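Topology and contacts: notes
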Amino acid sequence: MIRTDISNVFPFVSKENVEALSAELKAAHEALEAGTGAGSDFLGWLRLPENYDREEFARIKKAAEKIKSDSQALVVIGIGGSYLGARAAIEFLKSPNYNLKKKNTPDIFFAGNNISAAATEEIVELIGDRDFSINVISKSGTTTEPAIAFRIFKALIEKKYGKEGAKGRIYATTDAAKGALKNLATVEGYETFVVPDNIGGRFSVLSAVGLLPMAAAGIDIDAVMQGAYSAMAEFSEKSFANPVWQYAAARNALYRAGKTTEILACYEPAFRFMAEWWKQLYGESEGKDGKGIFPASCDFTADLHSMGQYIQEGMRNIFETVVKMEHPNGNVTIEATEENVDGLNYIAGRDLHYVNEQARRGVALAHVDGGVPNILVTMDKLDEHNYGELVYFFELACGISGYTLGVNPFNQPGVEAYKKNMFALLGKPGYEELGAELAKRL
Ligand code: PA5
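Reading guide: rules and limits
Residues numbered from 1 in each chain as written. Predicted model: local features only at pLDDT ≥ 70, side-chain atom pairs only at ≥ 80, totals over all residues. Heavy atoms only, no water. Pairing = 2+ DSSP bridges. Helix = DSSP H or I, 4+ residues; strand = E, 2+ residues; numbered from the N terminus. Axes fitted to C-alpha atoms, helices over the stretch in contact; angles between N-to-C directions. Near = heavy atom within 4 Å. Polar contact = N/O pair within 3.5 Å; in protein donor to acceptor, adjacent residues only side chain to side chain. Areas by Shrake-Rupley, 256 points an atom, 1.4 Å probe, with all protein chains shown as cover. Nonpolar A, V, L, I, M, F, W, Y, C, P; charged D, E, K, R; others polar. Domains from an automatic or database assignment. Contact = heavy atoms within 4.5 Å. Buried area = accessible area lost by both parts, 1.4 Å probe. Salt bridge = Lys/Arg side-chain N within 4 Å of Asp/Glu carboxyl O. Expected span 1.5 Å × (residues − 1). Buried < 20%, exposed > 50% of the residue type's maximum accessible area, 1.4 Å probe, protein only. Arc of directions from axis to C-beta. Core = buried A, V, L, I, M, F, W, Y, C linked by side-chain atoms within 4.5 Å. Patch = residues over 30% accessible without salt bridge, like charges linked within 9 Å, V, L, I, M, F, W, Y side chains within 5 Å. Phe/Tyr/Trp six-rings, centres within 6.5 Å; stacked < 30°, edge-to-face > 60°. Lys NZ or Arg CZ within 6 Å of the ring centre and 35° of its normal.

**A look at the sheet that holds strand E6 (residues 191-194)**
Pairing in this open sheet of five strands is parallel, and the strands run E3-E2-E4-E5-E6 from one edge to the other. A strand with exactly one partner marks an edge of an open sheet, and here the two such strands are strand E3 (107-111) and E6. Neighbour-to-neighbour, the strand axes of this sheet turn through a mean angle of 20 degrees, independent of strand direction. Where strand E5 (residues 170-174) lies against E6, four bridges are found, and the strand directions are parallel. The residue of E6 that forms the bridge with Ala172 is Thr192.

**Re the site of the ligand**
What surrounds the ligand is a group of 13 residues, the closest being Ser82, Ser138, Ser140, Thr143 and Gln280. Between an oxygen atom of the ligand and a side-chain N or O atom of Ser82, the distance comes to 2.6 Å. The backbone of Arg202 places a nitrogen or oxygen atom 3.0 Å from an oxygen atom of the ligand. For the ligand, whose accessible area on its own is 380 Å², the fraction buried by protein is 87%. A breakdown of the residues in the shell around the ligand according to their chemical character gives one nonpolar, nine polar and three charged.

**A short note on the domain arrangement of the chain**
When its domains are assigned, the chain resolves into domain 1 (3-36 + 225-404) and domain 2 (45-222). If you average the C-alpha positions of domain 1 and of domain 2, the two centres end up 29 Å apart. Taken together, the contact between domain 1 and domain 2 spans 31 residues of the former and 31 residues of the latter. Buried area between domain 1 and domain 2, both sides added, is near 2,800 Å², and the carbon and sulfur share of it is 71%.

**So, the pattern of salt bridges**
Applying the stated rule across the entire model yields 33 salt bridges. One salt bridge connects Glu158 with Lys163, and the closest N-O pair in it is separated by 3.1 Å. Through salt bridges with shared partners, a single ionic network connects Arg3, Lys324, Glu326, Glu357, Arg360 and Asp380.

**With respect to helix H2 (residues 22-34)**
In a regular helix each residue adds 1.5 Å, so 13 residues correspond to 18 Å; H2 covers 18 Å between its end C-alpha atoms and thus fits that length. Among the residues of H2, Leu25, Ala28, His29, Ala31 and Leu32 are the ones counted as buried. What you see down the axis of H2 is that its buried residues fit within an arc of 160 degrees, all on one side. The exposed set on the far side of H2, more than 90 degrees from its buried face, consists of Ala23 and Ala34. Residues of H2 that are buried sit in contact with helix H11 (243-256) and helix H15 (384-405). Where H2 terminates, the next one or two residues include Gly35, which has phi positive at roughly 70 degrees.

**Describing the nonpolar core**
Core analysis: the biggest nonpolar cluster contains 100 residues, and Phe92, Trp277, Tyr387, Leu390 and Phe394 have the highest contact counts within it. The element that contributes the greatest number of residues to this core is H15, accounting for 12 residues. When residues of this core are assigned to domains, at least three fall in each of domain 1 (3-36 + 225-404) and domain 2 (45-222). If we ignore the near neighbours within four places in the chain, the residues touching Phe394 are Tyr247, Leu264, Trp277, Trp278, Leu281, Tyr282 and Val323. In this structure, Ile123, Ile134, Ala172 and Tyr190 belong to the second largest nonpolar core, which totals 20 residues.

**What about a nonpolar patch on the surface?**
On the surface, Ile115, Ile148 and Ile152 cluster together into a nonpolar patch covering about 260 Å² of accessible area. Mapped onto the secondary structure, Ile115 falls in the loop between E3 and helix H6 (117-127).

**Digging into the packing of aromatic side chains**
Counted under the stated rule, the structure contains 21 aromatic pairs. Summarising the aromatic geometry, the rings of Trp45 and Tyr392 are spaced 6.4 Å apart at their centres and angled 55 degrees between planes, so their arrangement reads as tilted. With Trp45 in the loop between H2 and helix H3 (48-51) and Tyr392 in helix H15, this pair connects stretches of sequence that are 347 residues apart. Relative accessible area serves as the criterion here: at 3%, Tyr392 is assigned to the buried category. Arranged with centres 6.1 Å apart and planes meeting at 85 degrees, the rings of Phe150 and Tyr190 form a pair that is edge-to-face. Of this pair, Phe150 sits in helix H7 (residues 144-167) while Tyr190 sits in the loop between helix H8 (180-188) and E6, and the two are 40 residues apart along the sequence. Ring pairing ties together the aromatic residues Phe235, Tyr247, Trp278, Tyr282, Phe393 and Phe394, which thus form one cluster. Over the face of the ring belonging to Phe273 we find Arg87, whose NZ or CZ atom lies 3.9 Å from the ring centre.

**Some thoughts on the sheet that holds strand E7 (residues 261-266)**
Strands sit in the order E1-E10-E9-E7-E8 across an open sheet of five strands; the sheet is mixed. One side of each edge strand has no neighbouring strand; the edge strands of this open sheet are strand E1 (3-5) and strand E8 (294-299). Strand-to-strand twist in this sheet, taken as the mean axis angle between neighbours without regard to direction, amounts to 25 degrees. Taken together, the three bridges between E1 and strand E10 (residues 374-381) define a ladder with antiparallel strand orientation. Note that in E10 the partner of Asp5 across the bridge is Leu376.

Okay, here's the thing in structure tokens:
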């Protein structure tokens, strides 16, 4: 079960000040549950662990089995909320080196999350002449990056298997009824999975968006949903005993005290893409109306040797949230040597978890002494159940936190600005006037 420890926040904002947010948190939590707050059309994630579509869930597992049986590689095409969750889950629960490992599941390549020729070409090269399938994911069905990638990989798969053969290897995850991808899937006859209308991209990891790639990578998605379900039940509690409240209250109190950047850190490198997923969740949900905590991330201890200086002594507008595993994976003991030339015999006989934990404890104290508040989020161990809990913990905290901040956490109006300029510069029909205007400015 997820626990939070916010005691290292109190040297900066008093316990009373943090707990004084109780009434705001209660109102935010109740507005979420009642669907009376801003963006209430996008609350499908809130009860998803309980009411997800069982028929579709069974189809996801069946499709994953087929992919495992007929493909050595799976190309997952998507960007933002249609990409980060699946990648984070696979790296966290399997490994950042998943593709390099010996396994009976396909390699997974993520495409369509950039417009890089080099990155796209490399995936084509890495697939080589192996059998592969495609899961193209786009809620709107019109996002440029995945649309371009799909055009490229669709041509590749059709060349290899013919149109008919390719059809059975392309899985489209998109809107139930509208969008270019939905139309294409209907015309071509692809198997489709649905991104529910009431779930925004960054909250969609526990829908088919995340679940099909996870299942194809051999992740037990039943256990993921059970973990999310138990978190949903536990975190419905409306009091300060709720770890979600503690996290949401601590970060909002710190924000009001001028701590405007939050660094999410973990001492396990496999967490790196979980932090990328979290950055999108919080950045896109809270960064609007001239407000919002800037979400950043660090891999510890690696980044202590790069960002550590700034964290210790740079501008004092940051706080840290550290995710810790009570029982991490792996078992490596440091052995004694007779010569002790490296001087490490003082930790001989210790396992790396012990050393890592002392690093975490020492860093927390040093950073608190340097003016950086520290929130600790602890999960029992790294497995599917605990992962599901952690996802739900951060999603719920994000909704409550966003309402407490006074924004609509479920829209993203700012994302459109760059798209308009890009379309205009590319000469997309309908953007001629803006194109001429931008050409002058450039
Ligand atoms: O959270 C969001 O809404 C965005 O990050 C989207 O997921 C992202 O822009 C991709 O959109 P789509 O799934 O429509 O291709």
